[in-house]
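Chain and residue survey
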Amino acid sequence: MTRTPRPPTAARHPRRLANGQVGAIGLVLGGALSVQFGSAVAALLFPRTGVAGAVTLRLTIGALLMLVVCRPRLRGHDRGDWASVVAFGFALAGMNSVFYQAIERIPLGPAVTLEVLGPLALSVFTARRLAAWCWAGLALAGVALLGQGGFARLDPVGAGLAMGAGAMWAAYIVCSARVGGRFPRADGLALALTVAALVTLPIGLVGAGARLGNPAVLGLGVGLAVLASVLPYTLELLALRRLPTATFAVLMSLGPAIAAIAGYLVLDQALHPVEVLAIALVVAASIGAVRAGTPRGASDDGPVAEGPVAEGPDGQLRAAVAPPATRR
């Protein structure tokens, strides 16, 4: 007797799949909110610890928490593995330090908008498609509009630092892909955070000294580390198990808009209408570049099981897919 083949799981349980994906979208947005509100908390720390002290607290406490949670294995890795971890750690230290210097000078929303140009450029270059370059043009139009709002108002140094942080973000993505391919789960991420903490700790101690031990400062530092590292990484890891990577990447492109909301609510940073339009254009360009760089049919791919790997088919980097838990 011929047995009728069973329909795929998605066809048998469409409502369950839809509900799971809706929940995963909520997890991604929750992680993005956590990251950007963490940046706002960091700005609150600046008057007490300086930028270097805030970076030190964020990376050191974050590293300790990740080491406790992940308990990475130290044995069984070759020289290339450790070189990748060290490079990743320096990228993390540089990205956080430069970005925090930027948001000390300019509002959070425009800072993230300029910073996202780094991964956007990486996405365009790796896509090798005309459509991706068209989206890059839209992003440049957004930056031009941001300038119309007044780069003098934004502080040219702060704007330059934000774009420098974007370049470091692109380096972070490349290093994340390399480390993710060499270490299981989040082991490489935890070790790289430890390297970043060791790099920034002496600078933070010199700049802030005993102020880092103040209970109120330590409390804010713990909150910053949880918001910027542990909570978003956990939420995004859960989401990546349920969502296609292309969908995840599109959702992560909303970062500048969420940063503008966080800056307004926490830091009372109002934006001009032209700046709001500029942020919207860069968000749209990021989403378009992600979709242009996604191979046909990839939107139907299965979810990513685990880990911070940001590498697509044929070794092609998916720039916006790398979990951003350690960006700030």
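Residues numbered from 1 in each chain as written. Predicted model: local features only at pLDDT ≥ 70, side-chain atom pairs only at ≥ 80, totals over all residues. Heavy atoms only, no water.

As a further point, take the overall build of the chain. Looking only at helices and strands, the chain has 13 helices and zero strands in total. Across the chain, helices and strands are ordered from the amino to the carboxyl terminus as α-α-α-α-α-α-α-α-α-α-α-α-α. Every one of the 328 residues in the chain was classed for burial, and the buried ones make up 51%. Long-range pairs, those at least 24 residues apart, make up 89% of the contacts in the chain with a sequence separation of at least 6. Roughly 14500 Å² of accessible area belongs to the chain as shown, and the carbon and sulfur atoms make up 65% of that amount. (Helix = DSSP H or I, 4+ residues; strand = E, 2+ residues; numbered from the N terminus. Buried < 20%, exposed > 50% of the residue type's maximum accessible area, 1.4 Å probe, protein only. Contact = heavy atoms within 4.5 Å. Areas by Shrake-Rupley, 256 points an atom, 1.4 Å probe, with all protein chains shown as cover.)

Turning to the environment of Leu-27, a few remarks are in order. By the secondary structure assignment, Leu-27 is in helix H2 (residues 14-70). Taking C-alpha positions, Leu-27 is 7.5 Å from Leu-238, a pair spaced 211 residues apart along the chain. Not counting the four nearest positions on each side in its chain, Leu-27 is found in contact with Leu-235, Leu-238, Ala-239 and Arg-242.

Right, let's talk about the layout of surface pockets for a bit. When its volume is computed, the largest pocket comes out at roughly 190 Å³. If you list the elements that add at least two residues to the lining of the largest pocket, you get H2 and helix H10 (215-240). Looking at the lining of the largest pocket residue by residue, the classes come out as seven nonpolar, one polar and four charged. (1 Å grid on protein atoms, 1.4 Å probe; cavity = no way out; pocket = protein on both sides within 12 Å on 5 of 7 lines; lining within 4 Å. Points joined across faces, edges and corners; volume = space filled by probe spheres on them. Nonpolar A, V, L, I, M, F, W, Y, C, P; charged D, E, K, R; others polar.)

All right, on to unusual backbone geometry then. The phi torsion at Arg-71 lies on the positive side, around 45°, for a residue other than glycine. Locating Arg-71 in the fold gives a position in the loop between H2 and helix H3 (79-103). Judged by its relative accessible area of 68%, Arg-71 falls in the exposed class. Backbone geometry places Asp-268, a non-glycine residue, at a positive phi of 60°. If you trace the backbone, Asp-268 turns up in the loop between helix H12 (255-267) and helix H13 (273-292). The class for Asp-268 is exposed, based on a relative accessible area of 64%.

Between its first and last C-alpha atoms H3 spans 36 Å; for 25 residues at 1.5 Å apiece the expected length is 36 Å, and the two agree. Two or three places before Gly-80, at the start of H3, stands the capping residue Asp-78, its side-chain oxygen 3.1 Å from that residue's backbone nitrogen. (Expected span 1.5 Å × (residues − 1). Polar contact = N/O pair within 3.5 Å; in protein donor to acceptor, adjacent residues only side chain to side chain.)

All right, on to a nonpolar patch on the surface then. Taken together, the side chains of Leu-44, Ile-261, Tyr-264, Leu-265 and Val-266 make up a nonpolar region of the molecular surface, amounting to roughly 470 Å² of accessible area. In terms of residues, the nonpolar patch owes the most to one element, H12, which gives four residues. Mapped onto the secondary structure, Tyr-264 falls in helix H12. Since its relative accessible area comes to 49%, Tyr-264 is described here as partly exposed. (Patch = residues over 30% accessible without salt bridge, like charges linked within 9 Å, V, L, I, M, F, W, Y side chains within 5 Å. Salt bridge = Lys/Arg side-chain N within 4 Å of Asp/Glu carboxyl O.)

Here we take up the confidence of the model for the chain. With 80% of its residues at a pLDDT of 70 or more, the chain has an overall mean of 78. Of all helices and strands in the chain, the one with the weakest mean pLDDT is helix H1 (residues 9-12) (42), whereas H3 scores best (93). In this model, residues 1-17 is a region of pLDDT below 50 whose contacts with residues beyond four sequence positions or in other chains number three contacts. Contacts from residues 299-326, a stretch scored under 50 in pLDDT, to residues over four places away or in other chains number 91 contacts. (pLDDT = per-residue confidence, 0-100.)

In this section: the packing of aromatic side chains. A full pass over the atoms with the stated rule returns four aromatic pairs. Between Trp-82 and Phe-183 the ring centres are 6.3 Å apart and the planes differ by 70°, which places this aromatic pair in the edge-to-face class. Of this pair, Trp-82 sits in helix H3 while Phe-183 sits in the loop between helix H8 (156-182) and helix H9 (187-208), placing them 101 residues apart in sequence. When the ring of Phe-99 is compared with that of Tyr-100, the centres are 6.3 Å apart and the planes differ by 50°; the resulting orientation is tilted. Of the residues examined, Phe-99 reaches a relative accessible area of 0% and is grouped as buried. The structure contains a cluster of three or more aromatic residues connected by ring pairs, namely Phe-46, Phe-99 and Tyr-100. (Phe/Tyr/Trp six-rings, centres within 6.5 Å; stacked < 30°, edge-to-face > 60°.)

So, about the environment of Arg-48. Relative to the helices and strands, Arg-48 resides in helix H2. Overall, Arg-48 belongs to the partly exposed group, its relative accessible area being 40%. In this structure, the C-alpha to C-alpha distance between Arg-48 and Val-217, residues 169 residues apart in sequence, is 7.5 Å. The contact partners of Arg-48, leaving out residues within four places of it in the chain, are Arg-211, Ala-216, Val-217 and Leu-220.

Let us look at the packing of H3 against helix H4 (residues 108-115). Contact geometry for H3 and H4: axes closest at 9 Å, N-to-C directions at 140°. Here H4 runs oblique to H3, going by the angle between their axes. Between H3 and H4 the crossing geometry is right-handed. Along its contact with H3, which presents Met-95, Phe-99 and Ile-103, the element H4 presents Leu-108, Ala-111, Val-112 and Glu-115. Tallied by class, the residues present in the contact of H3 with H4 amount to six nonpolar, no polar and one charged. (Axes fitted to C-alpha atoms, helices over the stretch in contact; angles between N-to-C directions. Parallel < 35°, antiparallel > 145°, perpendicular 65-115°, else oblique. Left-handed = near helix turned anticlockwise from the far one by under 90°.)

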